[in-house]
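Chain by chain, the residues:
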Amino acid sequence: MNAEFVLSSASPTAFPSDRLPEVAFLGRSNVGKSSLINALTGQRRLAFTSNTPGRTQTINFYRVDGHYYFVDLPGYGYARVPQEVLLQWKKLIEHYLKKRETLKLSCLILDARRGWTEKDLDLKQWLEAHGRPYQVIVTKMDKLKQSEVDRGLRAIRQEGVEPLPFSAVTGRGVREIWQTITTALQPR
């Protein structure tokens with residue numbers, strides 16, 4: 001698989017204009033968006049990963065096989081940045097999600113140890129209200145015992161979704177996530 005970083009944008013005017021389909025990755029700061037992108041592309045250092053929340057501060061576009069983009073959006077939650085920066089991120093993300101015609105799927109990423117947060121549920125409801133297709137992906141599955149995994153997935157399903165479990169450590173879920181992405185990218 002050929003995947004390459006194309007650009008980082010803090011403004012919609014700088015988004016790619018080649019009209020390739022896009023898959024967006026959304027979630028709290030430090031939920032594992034970049035690790036998921038790296039695992040899906042098989043490139044360990046394509047998307048920057050960090051233990052410090054809030055490192056992704058722009059929308060990052062990665063072209064995959066020259067046919068579509070993976071789009072890494074800034075995280076929400078406990079990033080330690082000024083309130084005005086958080087507001088700018090929110091406006092940028094909302095503009096992208098609302099206006100981007102090439103967006104085919106949003107991957108709403110949850111941390112298996114945390115489950116749904118209020119902001120995750122707000123985003124889920126926003127995506128539904130705007131008719132945006134999404135898939136819930138649960139990361140960091142390797143950090144829980146099996147009984148905790150079962151309990152956590154049950155709680156996530158109570159919101160009417162079937163989550164796809166994922167672990168960057170073991171590779172669990174990569175095939176299933178690719179199947180969902182491939183289906184979303186098919187012409188309709």
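Our structure's up above, just so we're on the same page.
A quick note: this is a predicted structure, and the numbers were derived from the prediction, not measured.

**Overview of the side chain of Lys 124**
Move 1: With respect to the helices, strands and loops of the structure, Lys 124 is situated in helix H3 (residues 118-129).
Move 2: When residues no more than four places from it in sequence are discounted, the contact partners of Lys 124 are Leu 108, Trp 116, Tyr 134, Glu 159 and Val 161.

**With respect to the pairing of strand E6 (residues 134-139)**
Move 1: Among the 6 residues that make up E6, 5 are buried, leaving the element largely enclosed by the rest of the structure.
Move 2: Bridging between strand E5 (residues 103-111) and E6 involves 6 bridges; their strand directions are parallel. Along E6, the bridge assignment pairs Ser 106 with Tyr 134.
Move 3: Handedness of the E5-H3-E6 crossover: right-handed.
Move 4: Relative to strand E7 (residues 164-165), E6 runs parallel, the two sharing 2 bridges. From the neighbouring strand, Ile 137 faces E7, where its bridge partner is Leu 164.
Move 5: Following the chain from E6 across helix H4 (residues 146-157) to the adjacent parallel E7, one finds a crossover that is right-handed.

Rules used throughout
- Residues numbered from 1 in each chain as written.
- Predicted model: local features only at pLDDT ≥ 70, side-chain atom pairs only at ≥ 80, totals over all residues.
- Heavy atoms only, no water.
- Helix = DSSP H or I, 4+ residues; strand = E, 2+ residues; numbered from the N terminus.
- Contact = heavy atoms within 4.5 Å.
- Buried < 20%, exposed > 50% of the residue type's maximum accessible area, 1.4 Å probe, protein only.
- Pairing = 2+ DSSP bridges.
- Right-handed = clockwise from strand over helix to strand, strands pointing away.

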